[in-house]
Every structure is written in C-alpha cells, then in structure tokens.
Amino acid sequence: MKSRVVITGLGVVSPVGQGIVSFETALRSGISGIRQNRWHDTAEARSQLVGQIDPFEPPSQLSREERKHLSRADQYALAATIEALAHTRFDPASVGGERVGVVLGSGGGVANSEAYVEHAYKETVGRPSTLLSVSPDSAGAAIARHFGLHGPRSSIMTACSSGATAIGYAADFIQCGFADVMLAGGTESLSHVTFSGFNALKALATGRNRPFDLRRDGIVLGEGAAILVLESYEHAMARGARILAELAGYGISSDANHITAPHPEGDGMARAMEQAISRAGVSLDAIGYINAHGTGTALNDKSETMAIHRVFGEHAKSTAVSSIKPMIGHTLSAAGAIESVATILGLRGQFLPPTLNYEEPDPECDLDYVPNVARNASFQYAMKNSLAFGGNNTSLIFKRHES
Amino acid sequence: MELDQIKQEIKKIFEERLNINVAKFNVDDDAGLFADDGWGIDSVDVIDLVLGIEKTFGIRLAQDAEVQKHFASVNTLAAYLKTRQAEMSAA
C-alpha cells in the first residue's frame, strides 16, 4: 500500500507578510499587500499596482555568502524553508539528509540577468557570477546546500501552476519510496521582463485586481515564496510531528490548446480536478472549499467557473470558491504554493479566505466567491487549483487532519 | 606597469566587480584575500576576480595550484601579475 503524505510544516514570504502568523492574519481579516508600484516605471503601463516584498528581512540563519550571492527569488525560498522546518521542528541533518529532498517551482533570478544585460548596454562592468542564480534550479540548489539535503531534487516549470505542480511531484517522491520528507513549493521575484511581458499581453489590470467580478480586466503581479514540508504519515508519526493536513490526491493535465488562453470551457482544468478527486477517493459534497487560480482576467475566471460546474454539477453552487490574488497579486511560479498554504490554513482553522474587490456579480461567474469578508465554515476537504499559460493545469486536494 | 599601479588595478577590480567598498576596508596589502579579517572574498567572488584580472591585464589565468597559490594577498597577487607582464613583454 502506498504511504499517505501529510503536511507538517509551512513557511511563507508574501506581500501580506513574511511568516505564517502575519499571512494567516491577513487571510482572516482581508488585508491586501497590493501597493503603488514604485519599482517599475509604470507611467505608460496598464497597471500601476504590484504586490512587493518590501522590506524583505533575510533570516539571521543566512550566511554572508548566501546574502551576497543568492538572487531575491532564492532568498525568498530559503527564508520560507527556514520557517517551514522550524515550524515542524525538523532538522534534516538529524537523519543525515539522505531521505530528504526538495522540489521547487521557480522562474529563476530574472532580475539578475536584467542587471547584467543593463551593464552590457551601458558598457560598464557586470558581474558574471550573478548569472549563477539565473537558473530556475538555483533556488532548490540553495536550499539543498543550506540544509545538506541529499535526497531527490527537481525543478518544475509549468508557468503559473509550477508551485502546485511541485507539491504533487514531491508527494510522488515520497509515495514511490525515494524519500521520507520533501520540501515543496515555489518562489518568484519581480522583474522588468515579467512586468513588461504581462503588460504587452494586455493581461495586467488597469485598476484593482477583481477576480470573478463583472468589471475584472486583468492581473496584478506579485512576488514571494512558500514551502510546505511533506512527509510520509509513518515518518511524521514516528517523530511525533504535528500533522497540519493530508495531501489526499492530485491531478495534472494539459489543454494543448493555446499559448496563453485557457481552454474556453475549462476542459483541461476539469480533467485535472476529476483526476484529483478520483485519486483522493473523495465525494464531491465533502469538498467544502476551492481555492481558485482566480487571476481576474476575463478568460481565466470564466473558464475556471465552467470547469467547476462541469466537475461539481449540482454541488457547484454550494461549494465556496475564492481567490486570494487581490491580497498578494499573481505570484506566478510561487502562486500554487502560497495559495496552498492559504488553503491549508483555512482547512485547519475552518475559515474561508475572501475574494477581495468583489463588487459586481458577473452572470457568467455564478458561484459563491466568498466576497470581501472571510467566513467561518465547516469542511473536511479543500481543493487548490492552478492554471497556467501553455494550458498547464494542476489540482491538489487537502484533507483536514483530526488529531 | 609598476607594482603600485598593479595594486591599484586589483583594488579597482575589487571595487567595480566585487562590489567591495575598498576605502572602508581597513586592511593592508598583506591581508588575506579569503580571510574573514581580510578581504572576505569567497569562491563565487573569485569568478569575477579572475575574469576581471584577465580583462584588465590581457592575460589568461590557468586553473591550477601553481596560479592559485598567488591568490593569497594583494601583495602576492600583484607580484605574480608583474612577473606575468614581464614574461609577456619578453616574449
């Protein structure tokens, strides 16, 4: 029999706070970390808003070399990992690190490449060594090096679903017997390339980010990182770890349809959800909450709503669905991970994080989106969905742990 | 290039390529390049240092112990670079 995979530790760096406590406070009280963008020149851009980590407080455990050479994305990931391992009181060195691994979704240190190219344009001296942390693999390498992890390591790039996909892959490493403990999540740092790209695609919101609202017109970018400590149930029990939730199952699919747009009827997303539900062996009415991808673009929210209708049928209207992107922005490679942390905190604390900036209902988005104010609720399972450019879809199902 | 000038060029590389604020470092030219109470250069900085030297002095540095032993202090490095320059002008 395959071992059950449980979540025993969480760590987060987000625009609404560095650390689980401030993050959960924001989720419960509906605080947004979106601010005026003072980093990019946005005079001519569609959006003047952004979710930035400002100030970022590097943990004291970071060595001088790590502070000096790691990119922002890598430092966010490392900060979240340090919190997650402290949260679950687990030191990988205590088991030699051989059965401990890491799977991360990361876009890499794009800002580092930019700085280097900028030097070249100005014909001044750049630092070739700054290009070391450009690779999306750099964050996982930094974590493995810091903690001496000798188990499986992998880097996921499925665009905006990377963070969620990483959690699924990490669970597979445990279930297939490669590791006892896996660190999984995602990290993203803002860059000019990313901002300009989304701006050029006209994907940025001209005002606030309003998922599922009639007047929604795009995303607001954000940055941050989240790490989940995944562990086999037996390993967690043997060391007396506090179990926060169980990863009951996950599903993954591809639209094979369009380079940026989701399938118009959410076909790929629906198939990922169906897969997750069947693998988790859970009945539809037991899933009380869906943390949506909910980017706030016209296409995403409609197709996601259709997918939920297709999968949940008559239960769709009685299932709460919300997006926390108006609080933290779209954190791209980190989104699936940060939002999984929000989902688990909701499941554990039995509350539903709200969808902020929701004012005008859209007839085509007709679900219960937990508008503006968090709500207490009683539910045993929660689903986290991530969709991405290129038609990547990942759906995770978390189960509440009764201790 | 005179020894003093070579030392100045090395410190310019520290300043421009390694982001070291040389004026703030109260260490002499015998201070260890890699020592915590010296210049505090690490293995990643060395990439930028070596490339900086190659570009500034127009030489190639081999990755072997014979070359590495000269990366002890500003004095030893400058002395080594001076002999390399002498070899070049003799050739």
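Residues numbered from 1 in each chain as written. Chains lettered and ligands numbered in written order. Predicted model: local features only at pLDDT ≥ 70, side-chain atom pairs only at ≥ 80, totals over all residues. Heavy atoms only, no water.

**Notes on the state of the cysteines**
All names here are of chain A.
Thought 1: Scanning the entire structure with this criterion turns up zero disulfides over all chains.
Thought 2: Note on cysteine 160: no disulfide assigned, nearest cysteine sulfur contributed by cysteine 365 at a separation of 19 Å.
Thought 3: With relative accessibility at 7%, the residue cysteine 160 sits in the buried group. (Disulfide = S-S within 2.5 Å. Buried < 20%, exposed > 50% of the residue type's maximum accessible area, 1.4 Å probe, protein only.)

**Some details on the domain arrangement of chain A**
All names here are of chain A.
Thought 1: Its domain assignment divides chain A into domain 1 (5-238) and domain 2 (249-400).
Thought 2: Inter-centroid distance (C-alpha atoms) of domain 1 to domain 2 is 20 Å.
Thought 3: With 64 residues of domain 1 in contact, the opposing surface of domain 2 contributes 60 residues.
Thought 4: For the domain 1 face of the interface with domain 2, the top three residues by lost area are Leu27, Phe212 and Arg216, together amounting to 18%.
Thought 5: One can count five salt bridges joining domain 1 with domain 2.
Thought 6: With a shortest N-O distance of 2.5 Å, glutamate 359 and arginine 215 are connected by a salt bridge.
Thought 7: The tally of links from domain 1 across to domain 2 stands at 24 residue pairs in polar contact (both at pLDDT 80 or more). (Domains from an automatic or database assignment. Contact = heavy atoms within 4.5 Å. Buried area = accessible area lost by both parts, 1.4 Å probe. Salt bridge = Lys/Arg side-chain N within 4 Å of Asp/Glu carboxyl O. Polar contact = N/O pair within 3.5 Å; in protein donor to acceptor, adjacent residues only side chain to side chain.)

**A word on the pairing of strand S14 (residues 381-388) of chain A**
Residues and elements named next belong to chain A.
Thought 1: Here S14 lies mainly inside the structure; eight of its eight residues are buried.
Thought 2: Burial along S14 is two-sided: the face carrying Tyr381, Met383, Asn385 and Leu387 and the face carrying Ala382, Lys384, Ser386 and Ala388 are both buried.
Thought 3: Here eight bridges tie S14 to strand S15 (residues 392-400), and the two strands are oriented antiparallel to one another. The partner of alanine 388 across the bridge, within S15, is asparagine 392.
Thought 4: Counting the residues that bridge the hairpin from S14 to S15 gives three residues, and of these glycine 390 lies at a positive phi of roughly 85°. (Helix = DSSP H or I, 4+ residues; strand = E, 2+ residues; numbered from the N terminus. Pairing = 2+ DSSP bridges.)

**Notes on the pattern of salt bridges**
Thought 1: Within this structure, the stated rule accounts for 30 salt bridges over all chains.
Thought 2: In this structure, arginine 310 of chain A engages glutamate 274 of chain A in a salt bridge whose closest nitrogen and oxygen atoms are separated by 3.8 Å. Of the two residues, arginine 310 of chain A sits in helix H10 (residues 298-312) while glutamate 274 of chain A sits in helix H9 (residues 267-280), which places them 36 residues apart along the sequence.
Thought 3: Residue arginine 310 of chain A is classed as partly exposed on the basis of its relative accessible area, which comes to 41%.
Thought 4: Residue glutamate 274 of chain A is classed as partly exposed on the basis of its relative accessible area of 35%.
Thought 5: Residues aspartate 29 of chain B and lysine 7 of chain B are paired through a salt bridge, measuring 3.7 Å at the closest nitrogen-oxygen approach. Here the residue aspartate 29 of chain B occupies a position in the loop between helix H1 (3-17) and helix H2 (43-57), and lysine 7 of chain B occupies one in helix H1, the gap between them amounting to 22 residues. Like aspartate 29 of chain B, the residue lysine 7 of chain B is buried in the burial classification.

**Side note on the pairing of S15 of chain A**
Thought 1: In this sheet, S15 of chain A lies alongside strand S9 (residues 245-254) of chain A in antiparallel orientation, the contact comprising nine bridges. What sits directly across from leucine 247 of chain A, in S15 of chain A, is phenylalanine 398 of chain A.

**Side note on the interface of chain A and chain B**
Thought 1: Between chain A and chain B, the residue contacts involve 10 residues of the former and 12 residues of the latter.
Thought 2: Between chain A and chain B, the buried area comes to about 980 Å², and carbon and sulfur atoms account for 49% of it.
Thought 3: If you look at where chain A meets chain B, you find five salt bridges.
Thought 4: As a salt-bridge pair, arginine 127 of chain A and aspartate 45 of chain B come within 2.8 Å of each other at their nearest N and O atoms.

**Re the packing of aromatic side chains**
Residue and element names in this part refer to chain A.
Thought 1: With the rule as written, the count across this model stands at eight aromatic pairs over all chains.
Thought 2: Each ring, one from tyrosine 358 and one from tyrosine 369, has its centre 6.0 Å from the other, and the planes form 45°; the classification is tilted. With a gap of 11 residues between them, tyrosine 358 in the loop between strand S12 (351-352) and strand S13 (375-376) and tyrosine 369 in the loop between S12 and S13 connect regions that are remote in the sequence. Tyrosine 369 shares its class with tyrosine 358; the two are buried. (Phe/Tyr/Trp six-rings, centres within 6.5 Å; stacked < 30°, edge-to-face > 60°.)

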